[in-house]
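Below are the chains, spelled out letter by letter.
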Amino acid sequence: MADFRLRVTYAMSGRLVMLSHLEVARALERAVRRANLPYAVSQGFSPHMKQAFGAALPVGVGGTEEIFDVQLTEYVAPDKALDRLRAASAADLMPYKACYITKDVPAASVAYPFSTYRAVLAFDDEGFAESADSSSSADSAPSDFGALAQRVASLRVPESITVVRKKKEKVLVPSDFLVGAMQAQGDALEFTLEAKKTGSLRPDVLLEAMLEGTGLHAVSIMRIRQREKAGE
Amino acid sequence: MTDLWPRIEGLLRQAGRSIERPARYLNHEWGCTYKPEASYRFCMTYPDTYELGQANQAVRILCNCVNAVEGMAAERAFLPAADMCDLMRAEGVPAFSLESCAPVAEFDAVGITLPHELAATNVLEFLDLSGVALRSVDRKESDPMVFGGGPCAFNAEPYAPFFDAIMLGEGEESLPELLELHRRMKNEGAARAEMLHAMAKLPGVYVPSLYDVLEENEAQRRGSWVVPRFDDVPSVIEKRLWEGFADSDAYEPMIVPFTEVVHDRLNVEILRGCTRGCRFCQAGMMYRPVRERSADNIVSAVCRGLADTGYDEVSLTSLSSTDHSQIEQILRRLNRALEGKGISISIPSQRLDSFGVDMAELVAGGKRGGLTFAPEAGTQRLRDVINKGVTEDDLFGAIDAAFAAGWRRCKLYFMIGLPTETDDDIKGIASLAQRAYDRAKKAVPENQRGNVRVSISCALFVPKAQTPFQWDGQISPEEAKRRIDLLRRSVKYRAVDVHWHEPDVSLVEAMMSRGGREVADVVETAWRAGARFDAWTELFSLDGWKAACEACGVSMEGIAQATYDTDYIPPWSHLSAGLFVKFLQRERRFAQQEKTTPDCTYDTCSACGVCMGLNTAIQTQEVRHG
């Protein structure tokens, strides 16, 4: 049977950043069906759509360059496929690029081990009116952007972070996962993490550890880039 | 309307991982309707969390009905989970609708469906969280109207003081009527009391505040527990029936949730009503007469529904789907239409006597999970008493067909505590299940026999209003335990396991099912002491309910366990499902005589009263065969 593998790039934003990976996967599967794309179905006892997803994002973290692959049984022109997908998608979970990939291209979940995140921060007593999807009114801007930028620039990466995984405590060393230095840009922080075969450091876990006791919190966290190699 | 989203998002962010499943509160799902310009706004509520209520048919249908009216908008609301309720109270954030995240109290009217007997405290939790006075009499002119409906409306008394009006029966026409009346009178500047009085005159609408409640002796003497305060308010409220059901489009647009919910699939209602006449079954009594939608309608609806929603599973729902006169045709056509798409078709609990080899093949559709059948009683004698016209041959024939067609697991539902039940009947359950297991193994190739599983699932019988068993008391929890232990001891096979619902919950259910107006005080007292989410096993506390009963001077056991003569006037006699009392009394008499009553869709009329009294008729697509 002919095997057409379509790689779709989409953005997850607004309030849908609160969906879990499984919830996103389910939503994308349904969008493919609504788009009436000729998707391939697996053989066997429990037939399901042949769809593969990119590296998972934690609840609360959005992404601008997220990917999924879907196998089609027939060729559909990529721009046509994209149009149909877009018509069948929720605004905050919206595909914007589609192209066919060949068999030798690495699977979506491991294709891009280097993820760059951008976190927008705010002072604790101010932040909640300024959310990712609501239009901020003039009086919700931080009273002193300069002070905020200064505080952000002074943040330090902790030496180690203790996480609890499967009821056991594990110590992670951020410098093992961080690629390059953190960049402070006004009220935002940008950093790149590498997913390693032995495990990963979640961006929200890193931020939580960094922001503890600083009087700052993250208003939004987005994965803005995924790359195959560091420094691309 | 106020937009609470920024505050709610803030709460969710602040709470981080301590608030479970934030996707419950997101809305913006595929398929939701947003009519911000409509001036009359209705909030349709399911009194439990999003994942339990989102798939609810009533919420779906009624939102669609109201949104179809010009100038009206319907939004959904659910009860936030317990952790979120507490956080919202602490931060002063009120209960909100999903679509526009507006405070529930800002709506013109709020509708709450009453899906089962354990939702009462959640109703109060929701009203309290909304900032609306719990009792109708305490509401301000500016408070929304609070309407109730759904199955529990047929004994509305334990809920009565909390609702401005309660609707009986099908709401497709009656809800828009009620809201239209409200809108008109509100625009004219009518006072709340005036509006309630006008509502009470609408067919199928019960306005509790316009009735006086009598003491038991007086009630028995007068033939009703309530007396209207005005001459133009009816003494009996009859259910509404939607005549247009059979001819209407079987595709009811639905919302596709992001988060995992129960019954997360396309749901197409293929028929309403069931007249098999099982004497314990409230649904069978409430939704008469039987009305079927056509195969063309259903097949088309399934295809359109799947294309619209993107679901990979469709459920053909009704009280008894395999009884549809065209069910085989429907399944055949759907299996053909959906071939190779990885889509599965499911049918809720099949009737044993309409499940044969053909059915087994047709319902296969790829994914074979477990099969459930409900013999309900272990001996033919008791099955005849409850009028569940299913024989051992029916069960074994279904098992032969199902297991030969590839099924390996089967669940059998039974009830404990049915009227006239003896220990022999209990042992009969074990015997039946074990023989079913033997049959199942024989139907399966030798090398797969180890996978065969038959399980028994038992629930304590709860006498329900509007059924022939409404006068029968529930057995005590101690007696229930004794019978369940007897059952466990009687099951010898290791491959047959017995599951048992905690009887504590059933005791409260029975009180809510049969209680009168006095139970409403118990509900409020229980809620004030912290009862909520009673349907959640980890949050239910019988002690809390018992304490509330004591404080109110109400006997839970008295209400749940009392058995009456069939000439006793029950507290819901002013609420009618269209059945003649004589029919219910006669059915109870027949039960005692172990005499069965046939299904009127293919046999003689049993003069239940619905067709005659409501001027309606059975609608089947083709001739049904028994």
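Since the structure is predicted, the reported quantities are computational estimates derived from the model, not experimental observations.

Caption draft 1: Structural context of the overall build of chain B. Looking only at helices and strands, one finds 22 helices and 19 strands in chain B. The C-alpha radius of gyration of chain B comes to 24 Å, within 12% of the 25 Å expected for a compact globule of 626 residues. Counting only C-alpha atoms and orienting by the principal axes, one finds that chain B spans roughly 75 × 60 × 50 Å. Counting all 626 residues of chain B, 62% fall into the buried class. Within chain B, contacts between residues at least 6 apart in sequence are counted, and of these 78% link residues at least 24 apart. Total accessible area on chain B stands at roughly 23300 Å², and carbon and sulfur atoms take up 49% of it. For chain B, the centre of its 70 positive side-chain charges and the centre of its 90 negative side-chain charges are spaced 5 Å apart.

Caption draft 2: Structural context of the overall build of chain A. Scanning chain A from terminus to terminus reveals six helices and 10 strands. In terms of its C-alpha atoms, chain A occupies a principal-axis envelope of roughly 60 × 45 × 35 Å. The buried share among the 232 residues of chain A stands at 48%. In chain A, the proportion of contacts linking residues at least 24 apart, taken out of those at least 6 apart, comes to 74%. Per element, the accessible surface of chain A, about 11600 Å² overall, is 52% carbon and sulfur.

Caption draft 3: Looking closely at the interface of chain A and chain B. If you look at the interface, chain A gives 33 residues, while chain B gives 34 residues. With both chains or domains summed, chain A and chain B bury close to 2800 Å², and 55% of this area falls on carbon and sulfur atoms. Linking chain A with chain B are three salt bridges, by the criterion used here. For the interface between chain A and chain B, the tally reads eight residue pairs in polar contact (both at pLDDT 80 or more).

Caption draft 4: Looking closely at the confidence of the model for chain A. Taken residue by residue, chain A gives an average pLDDT of 88. The fraction at 70 or more is 91%. In the model, residues 127–140 of chain A has pLDDT below 50 throughout and makes 20 contacts with residues more than four positions away in sequence or in other chains.

Caption draft 5: Focus on the packing of helix α3 (residues 57–67) of chain B against helix α6 (residues 171–187) of chain B. Residue and element names in this part refer to chain B. α6 packs onto α3 with a crossing angle of 50° between their chain directions and a minimal axis gap of 9 Å. Viewed along their axes, α3 and α6 adopt a mutual orientation that is oblique. Of the two elements, α3 crosses α6, and the hand of that crossing is right-handed. Contacts between α3 and α6 involve Ile-61, Leu-62, Cys-65 and Val-66 from the former and Gly-171, Glu-172, Leu-175, Pro-176 and Leu-179 from the latter. Within the contact of α3 with α6, the residues separate by chemical class into seven nonpolar, one polar and one charged.

Caption draft 6: Structural view of the packing of helix α14 (residues 392–404) of chain B against helix α15 (residues 423–442) of chain B. Residues and elements named next belong to chain B. In contact at an axis separation of 9 Å, α14 and α15 are set at 35° when each is read in the N-to-C sense. Relative to α15, α14 is oriented so that their crossing is right-handed. Residues Glu-392, Leu-395, Phe-396, Ile-399, Asp-400 and Phe-403 of α14 touch α15, and the partners they reach there are Leu-432, Arg-435, Ala-436, Arg-439 and Ala-440. A per-class count over the contact of α14 with α15 returns seven nonpolar, no polar and four charged.

Caption draft 7: Structural context of the sheet that holds strand β1 (residues 40–46) of chain B. Residues and elements named next belong to chain B. Read from one edge of the open sheet, six strands run β2-β1-β3-β4-β5-β6, paired in mixed fashion. Among the strands making up the open sheet, the edge pair consists of β2 (72–78) and β6 (205–206). Of the pairings in the sheet, the one linking β1 to β2 comprises seven bridges and is parallel in character. Note that in β2 the partner of Cys-43 across the bridge is Glu-75. Most of the contacts of α6 go to β1, to which it runs at about 135°, and overall it touches β1, β2, β3 (109–113), β4 (145–149), β5 (165–167) and β6.

Caption draft 8: Layout of the nonpolar core. Residues and elements named next belong to chain B. Grouped together as the largest cluster of nonpolar side chains are 218 residues, with contacts concentrated most on Met-199, Val-268, Leu-316 and Trp-545. Apart from the residues lying within four places of it in its own chain, the contact partners of Met-199 are Met-145, Phe-147, Leu-178, Leu-181, His-182, Val-205 and Val-207. Among the nonpolar cores identified, the runner-up in size contains 38 residues, and Ala-398, Leu-432, Ile-475 and Ala-495 belong to it.

Caption draft 9: Region of interest: the sheet that holds strand β10 (residues 266–269) of chain B. Residue and element names in this part refer to chain B. Strand order across the open sheet formed by three strands is β10-β13-β14, with parallel pairing between neighbours. Sheet topology places β10 and β14 (344–346) at the edges, where each strand pairs with a single neighbour. Taking each pair of neighbouring strands and ignoring which way they run, the sheet shows an average axis angle of 20°. Across three bridges, the pairing between strand β13 (residues 313–317) and β14 is parallel. Opposite Val-314, over in β14, you have Ile-345 as the bridge partner.

Caption draft 10: Spotlight on the side chain of Gln-470 of chain B. All names here are of chain B. Along the chain, Gln-470 falls in the loop between β17 (453–460) and α16 (477–490). For Gln-470, a relative accessible area of 5% gives the class buried. Ignoring any residue separated from it by four or fewer positions in sequence, one finds Gln-470 in contact with Lys-464, Ala-465, Arg-514, Pro-570, Trp-572 and Leu-584.

Caption draft 11: Here's a closer look at the pattern of salt bridges. Residues and elements named next belong to chain B. Enumeration over the complete set of coordinates arrives at 61 salt bridges over all chains. Among the salt bridges present, the one from Asp-143 reaches Lys-140, with a minimum N-O distance of 3.8 Å. Under the relative-accessibility criterion, Lys-140 is labelled partly exposed at 49%. Between Arg-265 and Glu-313 there is a salt bridge whose closest N-O contact spans 3.7 Å. Here Arg-265, found in the loop between β9 (237–238) and β10, pairs with Glu-313, found in strand β13; they are 48 residues apart in sequence, far enough to count as distant. On the accessibility criterion, Arg-265 (22% relative accessible area) is partly exposed. A single salt-bridge network, built from bridges that share partners, covers Asp-86, Arg-89, Glu-125, Asp-128 and Arg-532.

The rules we used
Residues numbered from 1 in each chain as written. Chains lettered and ligands numbered in written order. Predicted model: local features only at pLDDT ≥ 70, side-chain atom pairs only at ≥ 80, totals over all residues. Heavy atoms only, no water. Helix = DSSP H or I, 4+ residues; strand = E, 2+ residues; numbered from the N terminus. Rg over C-alpha atoms; globule rule 2.2 N^0.38 Å. Buried < 20%, exposed > 50% of the residue type's maximum accessible area, 1.4 Å probe, protein only. Contact = heavy atoms within 4.5 Å. Areas by Shrake-Rupley, 256 points an atom, 1.4 Å probe, with all protein chains shown as cover. Lys, Arg positive; Asp, Glu negative; His and termini not counted. Charge placed at Lys NZ, Arg CZ, Asp CG, Glu CD. Buried area = accessible area lost by both parts, 1.4 Å probe. Salt bridge = Lys/Arg side-chain N within 4 Å of Asp/Glu carboxyl O. Polar contact = N/O pair within 3.5 Å; in protein donor to acceptor, adjacent residues only side chain to side chain. pLDDT = per-residue confidence, 0-100. Axes fitted to C-alpha atoms, helices over the stretch in contact; angles between N-to-C directions. Parallel < 35°, antiparallel > 145°, perpendicular 65-115°, else oblique. Left-handed = near helix turned anticlockwise from the far one by under 90°. Nonpolar A, V, L, I, M, F, W, Y, C, P; charged D, E, K, R; others polar. Pairing = 2+ DSSP bridges. Core = buried A, V, L, I, M, F, W, Y, C linked by side-chain atoms within 4.5 Å.

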